[in-house]
Amino acid sequence: MTTTEPERPASSRARVVGSWWLPTTGVSVFGLITAIELDRTGATREIFFNVQQPWAVYVMLSVLVGLMVYGIGRHATLWAIGQPTPGLREQVAKRLTHLVRLGLAQEKIRRDRYAGIMHWCIFSSIVVLTFVTAQVAIDDDLGLHFLQGPYYLFFSFYGDLFGVIGLVGVSMALYRRYFDDFHRIRWDERLEDHLIIWGLAAILLSGFALETLRITADELHQHPDWAPWSFASYALALGLDMFKFEEHQLLAAHTWVWWGHLVIAMGWLGLIVFTKLDHIFFAPINAYLLRTDSPGRLTKIENIEEREVFGVGQIQDFTWKQLFELDACVRCGRCTAVCPANIAGQPLSPMHLIQDLKMHLADVGPAVQKAGHEGHDVRAVSPLAMVGDVIKDETLWACRTCGACVQECPVMIEHVPTIIDMRRYLVMDEARVPATAQAALENLEQRGHPWRGTTFTRTTWMEGLGDVPIFDGSQEYLYWVGCSGSLVERNLPVTQSVFKLLREAGTSFGVLGQEETCNGDPARRLGNEYLYQILAQQLVETFKAKNVQRVITNCPHCFNTFKNEYPQFDGNFEVLHHTEFLAQALQTGTLKATHPVSSDVTYHDSCYLGRLNGVYDAPRQILDFVPGVNVTEMKRNMSRGLCCGAGGGNMWQEEVGARRVNHVRTEEAVETGATSVISNCPFCIQMFEDGIPAVQPQEEGRMRAFDIAELLDKAVFGEPAPRNG
Amino acid sequence: MHLVICAKQIPDPETPPSAFKIEANAVVPAAGISPVLSPFDAQAAEAALRLKESAGDTKITVISMGKESAQAAIKQVLAMGADEGVLLNDDAFEGGDSYTTAKVLAAAIRKLGDVDAVFCGRQAADWDMGQVGLGIAEDLGWPCAIVAKDVQLDGGALVVQRVLTDGFETVKEPLPAVVTVSNELGDPRYPKLQQIMQAAKKTVTTWGVGDLGLDASGVGAAGSKLKLVALAQPAAGGAVQIIAGETPEEQAQGLVQALRDARII
């Protein structure tokens, strides 16, 4: 039973907000049909009514187009200093889907409901009103004169409708910018932010003023049956008409407002390439450029032994796509608002990181480009070290690779690969590694696992479990225990529970025991791609030699590595996390959870199972199968779940900053009132075990942390319920 | 300047006790656990590298006496920044004690010729004898400062800060000299990948007993002065004593008393 409704993934949410298109489309169709029905042939108006020298418009337009070409060209020369971006010609269908869903339908923007409505209002009004204005131009300049009859009336109607919609959006934006305290959009506020929103307000208001004056001076009296189609301007015109201005006064005012409207509109359009408004172009393009593979996969450095620079140490080491997306950033702060490091007051804000890189690109990019052209050493150009001065080491180390920033970014920036690229530089090129992370890496090199000082061996957990089958190629599944599952005391019982449950379900499986070695995930996340590749290649060979086809893992990090990253090394296996396998076993009835486990629990989604691999349902299904368990979701759950703090190699690092991420997350778990927090990841369990005593100093009534397999173990085998639970 | 680092490859000191076995008075290498560079020797390497950074124009040679597998330890020090590696590998060296080890290493240092200073770990983390550095100094007739936490160059001498049980002591020893380095020096550096790759490509010179001009009867088991009589694994065990007391103060007093009774403080 689930008491708080878990947040559903974007696909089902889209239906609700997507319905905003329905009423507007409905009203438009209704308006069009009514207009045709009425068949008021002859309805039209004079285009460029009351305006002399309209050719000036085209002069301005030419200047504007020139500015845009210049502005984008300036950006493009900077992107061009980047490295080639591989794979852009692959998966074109998927990329086009991204373009439509993320670029045009703006699915990510809607993850913030308020912003979703606001942005839709502004976006649709700009699109429609630009279309309206363009029709006026085409009608007149191409001499088509199609703005007549019912279409003219309908045109008047939707012009006003989207003007009103635009004003609603602008009002929402103004409210958020000036009245909503401490809002993320003000974390990096600049003059352009004010200019853009007030400019938009001025365009829309002057547009209405224009229509109102024209209608008051002309249509209201000459064609009173046409005028109401411009419903908003008509209402205003009725008001203005009461002042009984002379026609020449109205016409004079109209002339001024017309030119004013034009100048503001042109000026505003001119802002596009020089401000964050450039996202109008860059966001959809970036949606097309977005990766098509799993967000859990980091890029492979090909032919690593032949490279001179291993990571990204200077701005031109990024791919041009990585440079391009810096320009797409609109400083909305969504990434930073969900960043676990930032929430805990640690020195990482993904938005500021992107902005700092963008500034750095603008600072040194032209000189780098020039040096490249002239054949000078491009690496000697920058007076600042990008990694170290512009982006601090501690910023790069604070990243959990949880993917929350990437998921929220409405313009599809991928922060995590960019951060890891710089981490690779720190580790492989500069060898600047925090002491504890270094110890983990050295341990991986020397001992094949990251747990320095463990007193366990990879077979310790087998004690007391009877006959543990060793995988020999004849079994269906390899049960991959992982380093934490065998070498960290707290995680041993989880391994034992999974093992017992697999055996109970009659699964054909075996383990590697002493032959297991780290699959390399911590090395890759800590930036040592070289070490990762050595470990990964070895293990892929071992798997192939042993004829491994299907793998069940204890750990979501192992799961992600095998599933998403080993294909880069020609290791293609069917990989299941234990929650997926156990949920299946419960559904097919090979496992039966018959013993009630009376307990109030909350469920924590690990990032590597949840957000990065989309496994939200299987663990919740298991909880539904356990009799007596009452689940209360945390305020941040499913795709919005908060990292436990251990991801991205932070399991082996000292945290720098105001708070520890695991304390924040533990508080959120405690707030649910649950007596146990259930997770699926050995790191999460360790982080909760560490966080709980800090958040609940009193031992009495303290929350406990369990892996979901431990809970299921009790339900299947009837072991005593947890203390306090 | 020419510095020498003496590096020893040892069974992993972090081998879990349950994987540790003794048979016929010898340690059986634990299955699947690779030998490592003795941690104190990594610190000795770090001390030499720091000296190289401050002194400039310095060559560092790393020497290891061991089997072919000790190449890994040499490569590790090369990756950290040493320039050349020498492996002293000969069946005759097997089964030696600190005395014969020092003798072999000293012979190699003599053969290198122009060595100014030798850096050893304070002790090898397997047998913990702490004799080899001193033995080399004795053999070469050089001064030796042991258990160093800081080594600086001052003209023709080394200024060495030594760790004592109750503080530090600074000594100056004229070159050529030997230093043994302690963990208080700080963490050894993490090599850059470029260096690891360069180290992997370097050829390590191998010298046998003949190359060093030594007599096989004077080295290894034949030349040893120390004979191993018995080797046993300590039985691990533990006991818990709960200190009674109403208040934390009383409990603390009880704890102090218990520690005094046990002659720990």
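As the structure is a prediction and not an experimental result, all values here were calculated from the model.

**Student:** Before we move on, could you go through the overall build of chain B and cite the residues and values that matter?
**Tutor:** Across its full length, chain B carries seven helices and 13 strands. For chain B, the spread of C-alpha atoms along the principal axes amounts to about 70 × 50 × 40 Å. Taking all 265 residues of chain B together, the buried fraction comes to 39%. Of the contacts formed within chain B by residues at least 6 apart in sequence, a portion of 71% connects residues at least 24 apart.

**Student:** Quick one: what's the story with the overall build of chain A, residue by residue and with numbers?
**Tutor:** Summing up its helical and strand segments, chain A has 28 helices and eight strands in all. Principal axes of the C-alpha set define a box for chain A whose edges measure 100 × 65 × 50 Å. Here chain A holds 725 residues, and the buried ones make up 49% of them. Pairs at least 24 apart in sequence give 82% of the contacts found in chain A among residues at least 6 apart.

**Student:** Would you mind going over helix 4 (residues 132-140) of chain B in detail, with residue names and values included?
**Tutor:** Working note: α-helix, 3.6 residues per turn, so residues spaced by three or four point in the same direction. Residues and elements named next belong to chain B. Of all the residues in helix 4, the buried ones are Val 132, Gly 133, Gly 135, Ile 136, Ala 137 and Leu 140. Among the structural elements, strand 1 (2-6), helix 3 (98-112), strand 8 (117-121), strand 9 (144-154) and strand 12 (177-181) are those in contact with the buried residues of helix 4. Once helix 4 finishes, Gly 141 follows within two positions and takes phi at roughly 75°, a positive value.

**Student:** Provide a residue-level description of the interface of chain B and chain A, including the pertinent values.
**Tutor:** Listed by partner, the interface residues are 18 residues for chain B and 19 residues for chain A. Class assignment for the residues of the side of chain B that touches chain A results in ten nonpolar, three polar and five charged.

**Student:** Summarise the pairing of strand 9 of chain B; cite the residues concerned and give the values.
**Tutor:** Residues and elements named next belong to chain B. The pairing of strand 9 with strand 12 spans three bridges and is classified as parallel. Within the sheet, the bridge partner assigned to Cys 144 lies in strand 12 and is Val 178. Summarising the sheet, strand 9 and strand 10 (residues 157-164) pair through six bridges and their orientation is antiparallel. Note on strand 10: the bridge partner recorded for Asp 154 is Ala 157.

**Student:** I'd like a description of the sheet that holds strand 6 (residues 629-631) of chain A, backed by residues and values.
**Tutor:** The strands that make up a sheet pair up through hydrogen bonds in the backbone, lying either parallel or antiparallel. Residue and element names in this part refer to chain A. In space, the four strands of this open sheet follow the order 6-5-7-8, with parallel pairing throughout. The sheet is open, and its two borders are formed by strand 6 and strand 8 (704-707), each paired with just one other strand. Here the average twist between neighbouring strands, direction ignored, is 35°. With four bridges connecting them, strand 7 (residues 676-679) and strand 8 associate as parallel partners.

**Student:** Before we move on, can you summarise the nonpolar core with the specific residues and values?
**Tutor:** Core analysis: the biggest nonpolar cluster contains 224 residues, and Leu 712 of chain A together with Ile 5, Leu 105, Phe 119 and Val 179 of chain B have the highest contact counts within it. Once you skip the residues sitting within four places of it in the chain, Leu 712 of chain A turns out to touch Leu 501, Leu 582, Ala 593, Ile 622 and Val 626 of chain A. Ranked by size, the runner-up nonpolar core spans 40 residues in total, among them Ile 165, Phe 208, Leu 210 and Tyr 234 of chain A.

**Student:** Which residues make up the environment of Pro 556 of chain A, and what are the values?
**Tutor:** Residue and element names in this part refer to chain A. Checked against the element boundaries, Pro 556 lands in helix 23 (residues 556-565). The class of Pro 556 is buried, set by 31 C-beta atoms lying within 10 Å. When the C-alpha atoms of Pro 556 and Arg 307 are compared, they prove to be 31 Å apart, with 249 residues separating the residues in sequence. Sequence-distant contacts of Pro 556, that is, excluding residues within four places in its chain, are made with His 577, Ser 606, Tyr 608, Leu 609, Asn 680 and Cys 681.

**Student:** With reference to specific residues and values, describe the environment of Gly 210 of chain B.
**Tutor:** Residue and element names in this part refer to chain B. Examined against the element boundaries, Gly 210 turns out to sit in the loop between strand 13 (205-207) and helix 6 (220-223). When the 11 C-beta atoms within 10 Å are taken as the criterion, Gly 210 is described as exposed. Sequence-wise, Gly 210 and Asp 90 are 120 residues apart; in three dimensions their C-alpha atoms are separated by 9.2 Å.

The rules we used
- Along each chain, numbering runs from 1 in the same order as the chain's sequence is written.
- Each chain takes a letter, starting from A, and each ligand takes a number, starting from 1, following the order in which they are written.
- Local features in this predicted model are restricted to residues of pLDDT 70 or higher, and side-chain atom pairs are both shown and tallied only at a pLDDT of 80 or more, whereas totals for entire chains, interfaces and linings draw on every residue.
- Helix and strand assignments follow DSSP, with helices taken as H or I runs no shorter than four residues and strands as E runs no shorter than two, numbered in order from the N terminus.
- Counting other C-beta atoms within 10 Å of its own, a residue is labelled buried from 20 upward, exposed at 12 or fewer, and partly exposed in the gap between, with every C-beta atom placed from the backbone.
- Placing a C-beta atom from the backbone of each residue, one calls two residues in contact when those atoms lie within 7 Å.
- Throughout, the ten residues Ala, Val, Leu, Ile, Met, Phe, Trp, Tyr, Cys and Pro are labelled nonpolar, Asp, Glu, Lys and Arg are labelled charged, and all others, Gly among them, are labelled polar.
- Two strands form a pair only when DSSP identifies at least two bridges running between them.
- Note on method: axes are straight lines fitted to C-alpha atoms, helices fitted across the in-contact stretch only, with angles between N-to-C directions ranging 0 to 180 degrees.
- Each nonpolar core reported here comprises buried Ala, Val, Leu, Ile, Met, Phe, Trp, Tyr and Cys residues connected via C-beta atoms within 7 Å.

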